Amino acid sequence: MGYFISSLIKGMDSVEELAEWIDSKPYPDLGIELIAFTHDEKYWNNLRRILEKTTCPVTFHGPYINVEATSAEGSAEYDWLMESYNKVFALAQEYGVKHVVFHYTQKGFQPDTIESAKNISQKNIMTLIELAERYKVDMLIENLAFPKNGLPLYNNDEYSALFDDNPRALSIIDIGHAHINKLDLEQFLKSYGDRVKAYHLHNNDGINDLHNRIMDGTFDYSNFFRLYKKYTPDADIVLEYEPHTNMSYNDIFCELYYLDKYLR
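Not measured: the values here are computed from a predicted model.

Quick notes on the overall build of the protein chain
- The secondary structure content of the protein chain amounts to 9 helices and 8 strands.
- Here the C-alpha radius of gyration of the protein chain, 18 Å, is about what a compact globule of 264 residues would show, namely 18 Å.
- Projected onto its principal axes, the C-alpha coordinates of the protein chain cover approximately 50 × 40 × 30 Å.
- Of all 264 residues assigned to the protein chain, the portion counted as buried reaches 54%.
- Pairs at least 24 apart in sequence give 78% of the contacts found in the protein chain among residues at least 6 apart.

Notes on the confidence of the model for the protein chain
- Scored by pLDDT, the protein chain comes out at a mean of 97, with 100% of its residues at no less than 70.
- Mean pLDDT in the protein chain bottoms out at helix 1 (residues 15-23), which sits at 94, and peaks at strand 6 (residues 170-174), which reaches 99.

A word on the pairing of strand 8 (residues 236-239)
- With burial as the criterion, each face of strand 8 is covered, one bearing Asp236 and Val238 and the other bearing Ile237 and Leu239.
- Of the strand pairs in this sheet, strand 1 (residues 3-6) and strand 8 are connected by 3 bridges, and their pairing is parallel. When the sheet's bridge partners are listed, isoleucine 5 is paired in strand 8 with leucine 239.
- In terms of strand pairing, strand 7 (residues 196-201) meets strand 8 through 4 bridges, oriented parallel. Looking at the pairing, tyrosine 199 lines up with isoleucine 237 of strand 8.
- Following the chain from strand 7 across helix 8 (residues 221-231) to the adjacent parallel strand 8, one finds a crossover that is right-handed.

Details of the pattern of salt bridges
- In this structure the tally under the stated criterion is 14 salt bridges.
- Between glutamate 20 and lysine 53 there is a salt bridge, with its nearest N and O atoms 3.4 Å apart. With a gap of 33 residues between them, glutamate 20 in helix 1 and lysine 53 in helix 2 (residues 41-53) connect regions that are remote in the sequence.
- With a relative accessible area of 42%, lysine 53 lands in the partly exposed category.
- Among the salt bridges present, the one from glutamate 73 reaches lysine 123, with a minimum N-O distance of 3.0 Å.

Description of the packing of aromatic side chains
- With the rule as written, the count across this model stands at 27 aromatic pairs.
- Note on phenylalanine 37 and tyrosine 43: the rings are 5.3 Å apart at their centroids and 55° apart in plane angle, and the pair reads as tilted.
- Through a chain of ring-to-ring contacts, three or more aromatic side chains come together here, namely Tyr199, Phe219, Tyr221, Phe224, Phe225, Tyr228, Tyr258 and Tyr262.
- Between lysine 87 and the ring centre of tryptophan 44, over which it is positioned, the NZ or CZ distance is 4.6 Å.

Comments concerning the side chain of serine 75
- Topologically, serine 75 is positioned in the loop between strand 3 (58-61) and helix 3 (76-94).
- At 3.0 Å, the side chain of serine 75 forms a polar contact with the backbone nitrogen of tyrosine 78.

Some thoughts on the sheet that holds strand 5 (residues 138-142)
- The sheet built from 8 strands closes into a barrel, its strands ordered 1-2-3-4-5-6-7-8 with parallel pairing. Strand-to-strand, the axes of this sheet are offset by a mean angle of 30°, without reference to chain direction.
- With 2 bridges connecting them, strand 3 and strand 4 (residues 99-102) associate as parallel partners. Bridging across to strand 4, phenylalanine 60 finds its partner in valine 100.
- Contacting strand 2 (30-35) and strand 3, helix 2 runs over the sheet at an angle of about 165° to strand 2.
- Along the sheet, helix 5 (residues 156-165) makes contact with strand 5 and strand 6, crossing strand 6 at roughly 160°.

Topic: helix 5
- Burial in helix 5 covers these residues: Asn156, Tyr159, Ser160, Leu162 and Phe163. One face of helix 5 carries all of its buried residues, which in axial projection span an arc of 135°. For helix 5, exposure combined with an orientation more than 90 degrees from the buried face picks out Asp157, Asp164 and Asp165.
- Packed against the buried residues of helix 5 are helix 4 (114-134), strand 5, strand 6, helix 6 (175-181) and helix 7 (185-192).
- A side-chain oxygen of the first residue of helix 5 lies 3.1 Å from the backbone nitrogen of aspartate 157; this N-cap is asparagine 155.

Comments concerning the nonpolar core
- Of all hydrophobic cores here, the largest spans 81 residues; its most connected members are Phe60, Ile141, Tyr199, Leu201 and Phe224.
- Of all the elements, helix 3 adds the most residues to this core, at 8 residues.
- Leaving out residues up to four positions away in the same chain, leucine 201 has contacts with Ile175, Ile214, Tyr221, Phe224, Ile237, Val238, Leu239, Glu240, Tyr241 and Leu259.
- Judged by nonpolar contacts, the second largest core, of 5 residues, contains Val101, Leu140, Leu170 and Ala198.

Thresholds applied
- Residues numbered from 1 in each chain as written.
- Predicted model: local features only at pLDDT ≥ 70, side-chain atom pairs only at ≥ 80, totals over all residues.
- Heavy atoms only, no water.
- Helix = DSSP H or I, 4+ residues; strand = E, 2+ residues; numbered from the N terminus.
- Rg over C-alpha atoms; globule rule 2.2 N^0.38 Å.
- Buried < 20%, exposed > 50% of the residue type's maximum accessible area, 1.4 Å probe, protein only.
- Contact = heavy atoms within 4.5 Å.
- pLDDT = per-residue confidence, 0-100.
- Pairing = 2+ DSSP bridges.
- Right-handed = clockwise from strand over helix to strand, strands pointing away.
- Salt bridge = Lys/Arg side-chain N within 4 Å of Asp/Glu carboxyl O.
- Phe/Tyr/Trp six-rings, centres within 6.5 Å; stacked < 30°, edge-to-face > 60°.
- Lys NZ or Arg CZ within 6 Å of the ring centre and 35° of its normal.
- Polar contact = N/O pair within 3.5 Å; in protein donor to acceptor, adjacent residues only side chain to side chain.
- Axes fitted to C-alpha atoms, helices over the stretch in contact; angles between N-to-C directions.
- Arc of directions from axis to C-beta.
- Core = buried A, V, L, I, M, F, W, Y, C linked by side-chain atoms within 4.5 Å.

Now the structure itself:
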């Protein structure tokens, strides 16, 4: 296992500062999860520049601005989806990035469109898994928080079914999203724990996707620690907090020591 800090924690303007701090090796096995946006050339070039001088372990969060994974083949949006992930997987291969997180959608759906969207999504997921395998990169499918407007593309059972339907599919479980969605985490891990390669950790009130610190919310992390050690003891841990947590680097240290106490 390894620990990673999502670059979300300090905001997009402080990614380089965070990478330099982590790269100074302040904590064993510590790495960074960089958000691989493709819609902004300046950001993309800066991402590459950061990677060129970073020596700590790296994971990617795949692009989710102006990228919609339910785009139908033949559309300009589909072409951009595939172009974006080609770029991201190629960059991941070049720099030995451990995995790439994938969002299967960025929106909610209406009853008359959801079945078509699911069919497109499942086909696109298979295409992207094959693409990732060609680049020798792990693509991890994240469980997304149910949208406030519209129907979720996949409910809990349908998210699980993705792994029944495609034995090569790999997962990252976002604990904050699992809490909102009321996912039966132990049941999921019993069935698919061997394919859960990482977790996003944060907390919330069980309703809103707040990305608070792990002890700031209503999710029971003591139970998660038990399940982690039982089913996925080698999975990576990514702290995915938002800037509003206002965490200092010392706060991050404290959080890592706390996790290490219960997960090692």
